[in-house]
Amino acid sequence: MKKYILFIIVLFSSGFLAIGQNSEILSSVKNVETKVDSVLALMTLEEKVGQLVQYNGSWDLTGPASNLDAKQKEENLKNGLVGSMLNVLSVEATTEAQKLVMENSRLKIPLLFGYDVIHGYTTIFPVPLAETASWDMEAAEESARIAALESAAHGVNWTFSPMIDVSRDARWGRIMEGSGEDPYLTSMVAVAKIKGYQGKDLSHPHTIAATAKHFAGYGLAEAGRDYNTVHIGENELHNTVLPPFKAAAEAGVATFMNSFNDIDGTPATGHKVLQRDILKGDWDWNGFIVSDWASISEMIDHGFARDKKHAAEIAIKAGSDMDMEGGAYETSLVQLVEESKVDEALIDDAVKRVLRVKFKMGLFEDPYRYSNAETLKNISFEDHRKASRDIAKKSIVLLKNENGLLPISSSVKNIAVIGPLANDKDSPIGNWRGQGEANSAVSVVEGIRKAVGTDVNVNYAKGADLGMGERSFLMPLKINETDTSGFAEAVEVAKNSEVVVMVLGEDAFQTGEGRSQVNIGLAGVQQELLEEIYKVNKNIILVLINGRPMEISWAAENLPAITVAWQLGTESGNAIADVLFGKYNPSGKLPVSFPRAVGQEPLYYNQKNTGRPYSDQHVTFSGYTDSPKDALYPFGFGLSYTTFEYGEPQLSAKEMNENETLEVRLSVTNTGNVAGKEIVQLYIRDLVASTTRPVKELKAFEIIELAPGETKNVQFKVDETMLQFYTANRKWESEAGEFEILTGSNSRDLKKSIFSLNN
Ligand code: NOJ
């Protein structure tokens, strides 16, 4: 307290009201909270509200623009009425915007610069769903570290990532942006990403602040339609949606973003229980929550607020701290306080949260620390590309491989590479591509040509277009539904080749925000093309370029080989070639179920059993009359060029007490001829509980590498915390009783053992 008073006196007696100019004084006051309080004490109500306002810059548009004109925005920046900006890119642009504040405003509180750095800034990595398929947390951290470095070198010091919405509906376009259907795997990725972005010290000029988004429930939009209503109860909220966010809060993520959807009648942006009670209360998290783009004023469209002013009142009371380009806070909060409709203490709390992050980022010491042209000069983009290729190859999932078609033998001298995505240098960059240049990825044709050199004939034919015309973030994509004029050439090429690599799937702009689809099969004329080729050559390796699980039942039944290559980023074609020719033995596992038919969606392995799980005698059980109910390829599934044999799980005891640990041991043997990596998975099922529990839940996994013929013993520790869930007591706790331990190579093929937890 003494320090705080002293600090204020120094500040005033130095005859200034410009905080940024007194960075030395500020850095001499060590404690962040003291500094925050000191600054807050100097602020007028208008300036406080200003810190809660975020403007879009004119560099990029990732939502519908507000109607404030650029001149007005500039004036407000000069007057210290803006706390942060998004989509301001480059050292020059961020310097210029920061200068407006630092050289004109009264208090000179530096701006934050946010941007959607989702899977890379310049060097593009696999889309998050793909990267999660590597199950490699070091990889997830490394790509975030590199993305942070490249962003910071361009003046961007805050990313709106990671997106940690558990999502189980392949129709939802944003499924590509998250980590799939499992809360545990998503939580692991959340922590890895936050570590990668934020490093150990948020003030280091190579780190950036991260955002856990979208809080909460956004990934469970009804019918997979983006922005749609979410109908989940308290049980599902706590057991499925919140765990990754809790993990993010515990990992020290600097900010949260709330979400567009409503949950059970309350828009997330106006959700007090979520934001104030759970996140800021129970979890005691002290960062700030930014709204999603205009989600505060969108509460008017939700029918939850009468007008912007009402929306601002609801949002600030519910705990939304910063208004992203929505114009609700800047137009209403001052008045709401003056009319005593909003307590100024709520504004103070929000401002303190924002200032805290700014202090931790070292912006008060040097507002330009991220706008340093030198950082860029010292970046080795070559090393970043190498990392991108390495992570990309680990993200590829092999779904089927009959007759040893893969890896492609060196005796094959004529390879056809066919399909609209075969030489596409843009779709592998994916959506939410940061500043990844259009058409800058290595295509599959290029990757294959480079891998085989002049020894092998690589015969390329496009066959057909997929996406047509101009493609961009905000505009709908036009799909080619009719033009098959390229088929004949492709058929000829296939006839004259030993092996056909068919590269099909999704355009980059089929997934991402607002890209929900009712069909998730091969769009346009792709299926037709595939079947035409199949008529003349059955040696087809399907390489899927995709951002969501796809309906590929025909391919699964008819083709000998299928790989899921997702949208792998800058080095896509090279990574795919590494796998096709066996330079890298595929090791990825699906983070999301691939359905037999879109009608199964939402589909996920960790479902409830229901009261009528199965009967082969009659129809009155929970299933479908025209399809099996399980996935075509389940969560956790992925093959290798070798085979693995799993031993029975051995438990160190058949029962355990609450403070004990149980060991689960199992052997895994490489029974094939090449070395390979395997992701050994452990699931648990709580057999009887006070609320119904999923049939299995991932609780641990380990990546092992085995030489041919080698056996390794894998050990997992099971403790009481792994048995906890949100119980009927509305508490996160375990309940005594029997549990199944399930171990194996995917969520379907598992070996079982039973133990009990004592009272
Ligand atoms: C809307 C998206 O939902 C959010 O994820 C993104 O960060 C913002 N727009 C800013 O682009």
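Rules used in this analysis
- Residues numbered from 1 in each chain as written.
- Predicted model: local features only at pLDDT ≥ 70, side-chain atom pairs only at ≥ 80, totals over all residues.
- Heavy atoms only, no water.
- Helix = DSSP H or I, 4+ residues; strand = E, 2+ residues; numbered from the N terminus.
- Buried < 20%, exposed > 50% of the residue type's maximum accessible area, 1.4 Å probe, protein only.
- Contact = heavy atoms within 4.5 Å.
- Polar contact = N/O pair within 3.5 Å; in protein donor to acceptor, adjacent residues only side chain to side chain.
- Axes fitted to C-alpha atoms, helices over the stretch in contact; angles between N-to-C directions.
- Parallel < 35°, antiparallel > 145°, perpendicular 65-115°, else oblique.
- Left-handed = near helix turned anticlockwise from the far one by under 90°.
- Nonpolar A, V, L, I, M, F, W, Y, C, P; charged D, E, K, R; others polar.
- Pairing = 2+ DSSP bridges.
- Domains from an automatic or database assignment.
- Buried area = accessible area lost by both parts, 1.4 Å probe.
- pLDDT = per-residue confidence, 0-100.
- Phe/Tyr/Trp six-rings, centres within 6.5 Å; stacked < 30°, edge-to-face > 60°.
- Lys NZ or Arg CZ within 6 Å of the ring centre and 35° of its normal.
- Right-handed = clockwise from strand over helix to strand, strands pointing away.
- Salt bridge = Lys/Arg side-chain N within 4 Å of Asp/Glu carboxyl O.
- Bend = angle between axes of the 7 residues up to and from the residue.

K.L.:
Where do I start with the environment of E733 in this structure?
P.N.:
Relative to the helices and strands, E733 is located in strand β27 (residues 732-733). Looking at E733, the relative accessible area reads 18%, which means it is buried. In this structure, the C-alpha to C-alpha distance between E733 and I541, residues 192 residues apart in sequence, is 48 Å. In contact with E733, other than residues within four places in its own chain, are L723, Q724, F725 and T727. In terms of polar contacts, E733 uses its side chain to reach the side chain of T727, at 2.6 Å.

K.L.:
For this particular structure, what's the right way to read the packing of helix α17 (residues 444-452) against helix α21 (residues 572-580)?
P.N.:
For any two helices packed against each other, one specifies the inter-axial angle together with the distance between the axes. α21 packs onto α17 with a crossing angle of 55° between their chain directions and a minimal axis gap of 7 Å. Here α17 lies oblique to α21, going by the angle between them. For α17 against α21, the interelement crossing comes out right-handed. Contacts from V444, G447, I448, K450 and A451 in α17 reach G573, N574, I576, A577 and L580 in α21. For the contact of α17 with α21, a count of residues per class yields six nonpolar, three polar and one charged.

K.L.:
Mind showing me how you'd approach the side chain of S734 here?
P.N.:
Here S734 is to be found in the loop between β27 and β28 (737-744). A distance of 2.5 Å separates polar atoms of two side chains, one belonging to S734 and the other to E720. Ignoring any residue separated from it by four or fewer positions in sequence, one finds S734 in contact with E720, L723, Q724 and L757.

K.L.:
Quick question: what am I supposed to make of the packing of helix α3 (residues 32-42) against helix α14 (residues 344-360) here?
P.N.:
Packing of α3 against α14 brings their axes to within 9 Å, and their N-to-C directions diverge by 125°. Relative to α14, the element α3 is oriented oblique. Crossing of α3 against α14: the hand is right-handed. When α3 is examined against α14, the residues V32, E33, K35, V36, D37, V39 and L40 are found in contact with a partner set consisting of D348, V351, K352, L355, R356 and F359. Of the residues in the contact of α3 with α14, the class split is seven nonpolar, no polar and six charged.

K.L.:
Which parts of the structure should I look at to understand the sheet that holds strand β16 (residues 499-505)?
P.N.:
The strand order across the open sheet formed by six strands is β11-β18-β17-β16-β12-β13, and the pairing between neighbours is mixed. Two strands in the sheet have a free side with no partner beyond their single neighbour: β11 (397-401) and β13 (457-461). When strand polarity is set aside, the average angle formed by the axes of neighbouring strands in this sheet is 15°. Relative to strand β17 (residues 540-545), β16 runs parallel, the two sharing six bridges.

K.L.:
Whenever I open this one, the domain arrangement of the chain confuses me. Can you help?
P.N.:
By a widely used convention, the size of an interface equals the accessible area lost when the partners come together. Looking at the chain, the domain boundaries give domain 1 (2-375), domain 2 (392-600) and domain 3 (644-757). Using only C-alpha atoms to locate each centre, domain 1 and domain 2 end up separated by 37 Å. Of the residues lining the interface, 44 residues belong to domain 1; the matching set on domain 2 comes to 37 residues. Summing the contributions of domain 1 and of domain 2, the shared interface buries around 3,000 Å²; its carbon and sulfur component is 59%.

K.L.:
Would you mind going over unusual backbone geometry with me for this structure?
P.N.:
Glycine aside, the phi torsion of most residues is negative, and most peptide linkages are trans. Geometrically, the link from S161 to P162 is a cis peptide bond, its omega value of 10° lying close to zero. When you line up the elements, P162 lands in the loop between β4 (158-159) and α9 (183-198). Along the chain, K213 connects to H214 via a cis peptide bond; the corresponding omega equals -5°. Relative to the assigned elements, H214 resides in strand β5 (residues 211-215).

K.L.:
Quick question: what am I supposed to make of the confidence of the model for the chain here?
P.N.:
The predicted coordinates ought not to be read in detail in places where the model reports low pLDDT. A residue-level look at the chain finds 95% of positions with pLDDT of 70 or above and a mean pLDDT of 95. Looking across the chain, the model is least confident in helix α1 (residues 2-13), with a mean pLDDT of 34, and most confident in helix α7 (residues 128-132), with 99. This model gives residues 1-17 a pLDDT under 50, and the stretch forms 21 contacts once residues within four places in sequence are excluded.

K.L.:
I would appreciate a short explanation of the packing of aromatic side chains in the present structure.
P.N.:
Describing an aromatic ring pair means giving the distance of the ring centres and the angle of the ring planes. Under the criterion given, the structure shown has 23 aromatic pairs. Between W158 and F288 the ring centres are 5.3 Å apart and the planes differ by 70°, which places this aromatic pair in the edge-to-face class. On the criterion of sequence distance, the pair formed by W158 in strand β4 and F288 in strand β9 (residues 288-290) is long-range, its members being 130 residues apart. Each of the two residues, W158 as well as F288, counts as buried. Ring pairs connect the aromatic residues W135, Y184, Y605, F635, Y683 and F701, which therefore count as one cluster. Across from the ring centre of Y604, 4.0 Å away, lies the NZ or CZ of R168, which sits over that ring.

K.L.:
Help me out: how do you make sense of the pairing of β16 in this one?
P.N.:
Side-chain direction in a regular strand flips from residue to residue, so the side chains alternate between the two faces of the sheet. The buried count for β16 comes to seven of seven residues, which makes it a mostly enclosed element. Residues V499, V501, V503 and G505 point to one face of β16 and V500, M502 and L504 to the other, with burial holding for every one of them. As paired strands, strand β12 (residues 414-418) and β16 are joined by four bridges and run parallel to one another. Considered in β16, the bridge of A416 is made with V500. Taken together, β16, helix α19 (residues 526-536) and β17 form a β-α-β motif whose crossover is right-handed.

K.L.:
Would you take a moment to explain the pattern of salt bridges for this structure?
P.N.:
A pair can form between side chains of opposite charge whenever their charged atoms are brought close. Inspection of the entire model under this criterion finds 50 salt bridges. The residue R276 makes a salt bridge to D349 at a minimum N-O spacing of 3.8 Å. Placement of the pair is R276 in helix α11 (residues 272-282) and D349 in helix α14, with a sequence separation of 73 residues. The partner of K309 in a salt bridge is E339, with the nearest N and O atoms 2.9 Å apart.

K.L.:
Can you help me understand the environment of L149 in this one?
P.N.:
Along the polypeptide, L149 turns up in helix α8 (residues 137-152). On the basis of relative accessible area, L149 is assigned to the buried category, the value being 13%. Spatially, the C-alpha atom of L149 lies 7.9 Å from that of I208, the residues being 59 residues apart in sequence. Apart from the residues within four sequence positions on either side, L149 is in contact with H206, T375, I379 and H384.

K.L.:
How should helix α10 (residues 234-250) be read in this particular structure?
P.N.:
Every α-helical turn comprises 3.6 residues, leaving residues that sit three or four positions apart pointing alike. Along α10, the sharpest change in direction is near 60° and occurs at L242; proline P243 comes one to four residues later. For α10, a buried count of 12 out of 17 residues is recorded, marking the element as mostly surrounded by other parts of the structure. All of the buried residues in α10 are L237, H238, N239, T240, V241, L242, P243, P244, F245, A247, A248 and A249. In the stretch just after α10, G252 is the one whose phi turns positive, near 85°.

K.L.:
I tried to follow the sheet that holds β5 on my own but got confused; where do I start?
P.N.:
Strand pairing in a sheet relies on backbone hydrogen bonds. The paired strands run either parallel or antiparallel. Ordered by their spatial adjacency, three strands build an open sheet running β5-β6-β9, and the pairing between neighbours is parallel. Each of the sheet's edge strands pairs with one partner strand only, and the pair in question is β5 and β9. For this sheet, the mean inter-axis angle between neighbouring strands, taken without regard to orientation, is 30°. Across three bridges, strand β6 (residues 255-258) lies against β9 in parallel orientation. Its bridge partner being in β9, F256 is matched across the sheet by I289. Seen against the sheet, α10 touches β5 and β6 and runs at an angle of roughly 155° to β5.

K.L.:
Sorry, what's going on with the pairing of strand β23 (residues 676-686) here?
P.N.:
With respect to burial, β23 is a largely interior element, 11 of its 11 residues being buried. The alternating pattern of β23 places G676, E678, V680, L682, I684 and D686 on one face and K677, I679, Q681, Y683 and R685 on the opposite face, and all of these are buried. One ladder, built from nine bridges, connects β23 with strand β24 (residues 697-706); its direction is antiparallel. By the bridge assignment for β24, I679 is matched with I703. As paired elements, β23 and β28 share six bridges and run antiparallel to each other. Within the sheet, the bridge partner assigned to I684 lies in β28 and is I741.

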